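Listed here are the chains, written in short residue letters.
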There are 4 protein chains.
Amino acid sequence: MAGNSIGQFFRITTFGESHGSALGGIIDGVPPSLPLTEKDLQYDLDRRRPGSSRYTSQRSELDTVEILSGVFNGKTTGTSIGLIIKNTDHRPQDYEKIKNLYRPGHADYTYEKKYGFRDYRGGGRSSARETAVRVAAGAVAKKYLFNRKNIKIRGFLAQMGDVHCNLKDWRQVDNNPFFCPDIEQLTALDTLINNLQKSGDSIGAKITIIAENIPIGLGEPVFDRLDADLAHALMSINAVKGVEIGDGFSVITKRGSEHRDEMTLDGFDSNNAGGILGGISNGQPIIMHIAIKPTSSITVPGKTITRENEETHVVTIGRHDPCIGIRVVPIAEAMVAIVVMDHLLRQRAQCEKI
Amino acid sequence: MAGNSIGQFFRITTFGESHGSALGGIIDGVPPSLPLTEKDLQYDLDRRRPGSSRYTSQRSELDTVEILSGVFNGKTTGTSIGLIIKNTDHRPQDYEKIKNLYRPGHADYTYEKKYGFRDYRGGGRSSARETAVRVAAGAVAKKYLFNRKNIKIRGFLAQMGDVHCNLKDWRQVDNNPFFCPDIEQLTALDTLINNLQKSGDSIGAKITIIAENIPIGLGEPVFDRLDADLAHALMSINAVKGVEIGDGFSVITKRGSEHRDEMTLDGFDSNNAGGILGGISNGQPIIMHIAIKPTSSITVPGKTITRENEETHVVTIGRHDPCIGIRVVPIAEAMVAIVVMDHLLRQRAQCEKI
Amino acid sequence: MAGNSIGQFFRITTFGESHGSALGGIIDGVPPSLPLTEKDLQYDLDRRRPGSSRYTSQRSELDTVEILSGVFNGKTTGTSIGLIIKNTDHRPQDYEKIKNLYRPGHADYTYEKKYGFRDYRGGGRSSARETAVRVAAGAVAKKYLFNRKNIKIRGFLAQMGDVHCNLKDWRQVDNNPFFCPDIEQLTALDTLINNLQKSGDSIGAKITIIAENIPIGLGEPVFDRLDADLAHALMSINAVKGVEIGDGFSVITKRGSEHRDEMTLDGFDSNNAGGILGGISNGQPIIMHIAIKPTSSITVPGKTITRENEETHVVTIGRHDPCIGIRVVPIAEAMVAIVVMDHLLRQRAQCEKI
Amino acid sequence: MAGNSIGQFFRITTFGESHGSALGGIIDGVPPSLPLTEKDLQYDLDRRRPGSSRYTSQRSELDTVEILSGVFNGKTTGTSIGLIIKNTDHRPQDYEKIKNLYRPGHADYTYEKKYGFRDYRGGGRSSARETAVRVAAGAVAKKYLFNRKNIKIRGFLAQMGDVHCNLKDWRQVDNNPFFCPDIEQLTALDTLINNLQKSGDSIGAKITIIAENIPIGLGEPVFDRLDADLAHALMSINAVKGVEIGDGFSVITKRGSEHRDEMTLDGFDSNNAGGILGGISNGQPIIMHIAIKPTSSITVPGKTITRENEETHVVTIGRHDPCIGIRVVPIAEAMVAIVVMDHLLRQRAQCEKI
């Protein structure tokens, strides 16, 4: 309960179901006098929205966001910003068939056991559709961070199945439907998705997010370390099963003499730590990786049980993504921006340095 | 700021530096009438404390915890529980040498830049010594969870360097200084540590934590998903660089038809999700893995700079662990217990079912 | 910042300006399976809304609330409830005249100094119009409390200027535009308002709120006492300048032998404490009084200064209430309901007794 | 639950029972580099402690506070500050007689019904002894506010029974055991207390607190208004039954033309608002009044019931105050300082202006 909020000083609270009338949210703690229009939010919403390429779900939502408050004469007033995104292409009737069974790999079973009944229309609140509001709110943070502190928060597809995408060129990321920075891999990605669509299956992915120009000193000792809050925010995204900071799981086999980033007058010799030491940003880029599971909404039939405790099979016929990982890029950027923004304000409150 | 607390309903707040006079904390939200003595807390504190084997730091702290409030006639009263652990083997003078430089891989640099100056005695608040209070507080959660709900939260060393330890026998975990469930690997671990001690180096590790008998329904939609809160809690432990739930990063190359856990009347066919669907526990064991970096406190000399901006080298001569991962086991169990306890109370508040 | 939320487990977050496009809010932590429709919220909104009698502001807002999420098939789902109330009779142009000056007794000056500029349209966020969302959210709490626990939370006009209204008959409260329980005073109130309207002035008021059938045990030791949280909630209502619990300020001249409520097997002999002992409800009715200042929006000219630091006079010509105290009754009931609901859930979480 | 904390950015969490081994607390969010010693905290603790005059309880606690963390080389480090105050004159045996009955006007009954059993030793956590930690924590806030912003927060006894004390001279307040600013009333106060001691009774009081040099702009719109947070903090003090800001309950009979504070180039013409407009400080002194009930610990016998549901009488024989209001002065100052400090940091975080 009270789980629909994130952030202490820069706080986002959201509402909305996949096939309800609207999604929305409230952003609290926005500094005043930031120039802001709906266009600023729409850019990332468009990057996230489905139906934008043949590689993603064909659900056709415009995801048009309206700012209902907190902005006056084109600038933030410092009061809470109300956002609404109306659902336009909702088709609750598509979900009548699944209302009495639990789709494997989905939250149908857990929501129903938790609450006693569930909104079965497209997963209700558990749908990734909810992330549209995160993206809208994150865009406000991104704008502030970039305009005032030159902070850049960007993500890309690092891996899909066995296809690895190296960070060859940031400029390519928004030039292809995969958020892939490595144009040599576009064909391989296209082939992989095509094969998945034919077999009615899906695949996992790895996304990397890099935050640059982060001031030194963000993050709190002990529980609210910057990395801990980032892990929270990133793991809260639907389908994320793992989070790494810097070297991540590769540290298991590393020696201390290898991993520690030595310092000279030119700065750090390396960035194995991923920009965070003792939970506090050290001025280097913050590097994060997340693992996104393959969606369970596939046409390969799966065994499951009904609410009346009978065994059955389920085939997902809605409009879904063969690799939801693709569309996670703007969502992950938004979550990182929200956390960095929150900690920037916290640092300013306590230490006045920023 | 205000970063020294974790949990919404079951909330832990801590204080204390590595070489100050005492560590301590406050546990708020403990249900009344739980039988509780200092002995209940001491068991896990003893598992965590240094100096207990030749494989860990030789700092010799008894880590004796005192309960100062919140318990009357042997039972919790429902009011806040004050805890104190006095530092007895602190040797702040050991740290005079490092007070003017930044140890690579440590928080010296970030604390100083964040706050303007730092408590350099053993890392001050950034020292892993702080985790003693987490373990004491976690023991209260563990006791409640086990006594009232039969919930078991246990961890083990899954990997150190290249040595893999499989979960062969839970009973072995507390029978060796490595928390290793696989006695066939004890020799390899011993050899690895010996070699590290000789070379003055350190190594990373992987810890697995499994929570069993978790009721269905714990975790909240959207931001306070159970996995998100677990990721937060685990990533907040010193030296943790990665967190996985269930299949973790291996999902990247998996198909949806492979990963989703199908259901029959006998329950789930598999547990690739790691016990959490849509952020809510599904009644299966919750499986978590964490990556712990090799400590940077090693005798291999490292390049660094001083506060006066001169290049220098540092050799750590304090009392340190070749593999801090070993001692993370009880800490990680404690953090998981704190999160589960918090969500158990949240679920009871909203849904009355537990 | 992050000041637009109230409650820990049952949490309300709101947005919206007086003359923006809409007001709204999010209710988090609502227990599932509560039957709920917009009609349940509309009843109290209609009691609060202006333009309903000639004694209040003639701004004609329908205050029609829409539930955007969190309710499915007529019942709450346990997820966050999004609310929106569109502004229909907003006339921002009425406020062009005041945009360069600070109305005395209003928040114009403080908002501008705090944020650097302000939304001057009708006071923006500082307008009492914001309270519509509180009333809508409070109606959800009221419904749960009454349906599940038979808790009644009701308020009435206790005093306006020198006219005292005794609690003679609860049934009269909603039968007159003053929320007055004492029909013998209706003429005096009518005369008072008429005179104020003639003189272009306003008057203060006292409202009493009584919460009945409150279970014993709500409220936490120390900072989150039930009375402290009620004081917070009530003082957060626009124009409230004082809060009393039970005997309130009359305790100053009372003896301990007089004030303490003695107990017999029939219960408490009296209720001077107002239903709360040590911050925790004792099962007696909770009695609260609040003082509401006379609105500063009057036609009697007042001295003030402009943004350019020139002296001037202001005459309020918008549509205002001669005694805003009247309309505070449903708002105060809502705030009390929100606090009681939050503490009911807290008590259930920790003590399982409710 | 989780009710033992106050503040969002500057957060105090406390523990301890009246007759347990120690009281203590943790202060989180303290800005770094504030010079701080135990002496800074002791000054206000000595003002609060009992046994300092024949007008107060003869319990003889030294209330010596120890700072356990968060201060290094005489300055705050920015990390959490642990505080402990050991109980030295606890006499739990004094309370054996009351362990089976509920003292009227005390929290015995509500604690027992809430939690199922209670720590009966001197009221356990419900004792005003708990306020010692508030005073210690408040002293840190007071020091920061005064050193950095020249903010003064001071209180005085405004009324005891029928004896009114006017603010004639601040310098007198700490020169007499009543915190009375009006030396002409000292004899009347002495006589009143003497009579109460003879009759074994107690009396209520009114305390006024004034905060000066508060920057314009502290306080948030809607729920976290500065007045709302002050009301929360003040009402959370044991025995407080009413809180007023500025004109308080006298606004009921005032006209808008009278109450609103008009402005000229010389500033506000008056301060009826008590320094807060729209929940935000306006730069004028913040004026607060609180009503403190007469203690129920008196020797006049009172009717009550036992845990076994039998009627009986109780006579309090412990060591108590005829007017607890006297000792509330430093406690109220501390609570106001904590709230102001929290809002100062909040304002700095969002608006950078302070």
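Rules and cut-offs
Residues numbered from 1 in each chain as written. Chains lettered and ligands numbered in written order. Predicted model: local features only at pLDDT ≥ 70, side-chain atom pairs only at ≥ 80, totals over all residues. Heavy atoms only, no water. Pairing = 2+ DSSP bridges. Helix = DSSP H or I, 4+ residues; strand = E, 2+ residues; numbered from the N terminus. Contact = heavy atoms within 4.5 Å. Axes fitted to C-alpha atoms, helices over the stretch in contact; angles between N-to-C directions. Buried < 20%, exposed > 50% of the residue type's maximum accessible area, 1.4 Å probe, protein only. Parallel < 35°, antiparallel > 145°, perpendicular 65-115°, else oblique. Left-handed = near helix turned anticlockwise from the far one by under 90°. Least-squares fit on C-alpha atoms with pLDDT ≥ 70 in both. UniProt positions renumbered as here; feature names shortened; annotations may be inferred.

Novice: Could you give me a rundown of the sheet that holds strand β2 (residues 11-15) of chain A, with the residues and numbers involved?
Specialist: All names here are of chain A. Spatially, 5 strands are ordered β1-β2-β3-β7-β4 in an open sheet, and the strand pairing comes out antiparallel. Edge positions in the sheet fall to β1 (5-6) and β4 (65-67), since each of these pairs with one other strand and no more. Taken together, the 2 bridges between β1 and β2 define a ladder with antiparallel strand orientation. If you follow S5 over to β2, its bridge partner there is T13. Relative to the sheet, helix α1 (residues 38-48) contacts β4 and β7 (81-86), its axis offset from that of β4 by approximately 155°.

Novice: Break down the pairing of strand β10 (residues 205-212) of chain B for me, citing the residues and quoting the values.
Specialist: Residues and elements named next belong to chain B. For β10, the tally of buried residues reaches 7 of 8 residues, placing the bulk of the element in the interior. Sheet analysis places β10 next to strand β16 (residues 286-292), joined by 7 bridges and oriented antiparallel. Residue A211 lies in a different strand from β16, and its bridge partner there is I286.

Novice: Tell me about the packing of helix α3 (residues 131-149) of chain D against helix α7 (residues 325-351) of chain D, and please be specific about residues and values.
Specialist: All names here are of chain D. Running from amino to carboxyl end, α3 crosses α7 at an angle of 50°, the nearest separation of the two axes being 7 Å. For the element pair α3 / α7, the angle class is oblique. Judged by the sense of rotation from one axis to the other, the crossing of α3 with α7 is left-handed. Every residue of α7 that contacts α3 at T131, R134, V135, A137, G138, A141, K142, Y144, L145 and K149 is listed here: P330, I331, E333, A334, M335, A337, I338, V340, M341, L344 and R348.

Novice: Provide a residue-level description of the relation of the copies chain D and chain C, including the pertinent values.
Specialist: Superposing chain D onto chain C requires a rotation of 180° together with a translation of 0.0 Å along the rotation axis, leaving an RMSD of 0.0 Å. Considering both components of the superposition, the chain copies are consistent with a two-fold axis. Among all residues of chain D, the one whose C-alpha sits closest to the rotation axis is D:H232, at a distance of 2.3 Å. The residues that chain D uses at the interface reappear at the interface of chain C in 100% of cases, marking a shared surface.

Novice: Kindly report on the relation of the copies chain B and chain C, identifying the contributing residues and their values.
Specialist: Each copy superposes on the other: chain B lies on chain C with an RMSD of 0.0 Å after a rotation of 180° and an axial shift of 0.0 Å. Both copies contact each other with a shared surface, as 100% of the interface residues of chain B are interface residues in chain C too.

Novice: Let's hear about the UniProt feature "binding site: NADP(+)" (unreviewed entry) in chain A: which residues, and what values?
Specialist: All names here are of chain A. Mapped onto this numbering, the UniProt entry annotates "binding site: NADP(+)" (unreviewed entry) at R48 and R54. Mapped onto the elements of the fold, R48 is located in helix α1. Excluding its chain neighbours within four sequence positions, the residues that come into contact with R48 are D63, A128, R129, T131, A132, V135, R327, P330 and I331. Examined against the element boundaries, R54 turns out to sit in the loop between α1 and β4.

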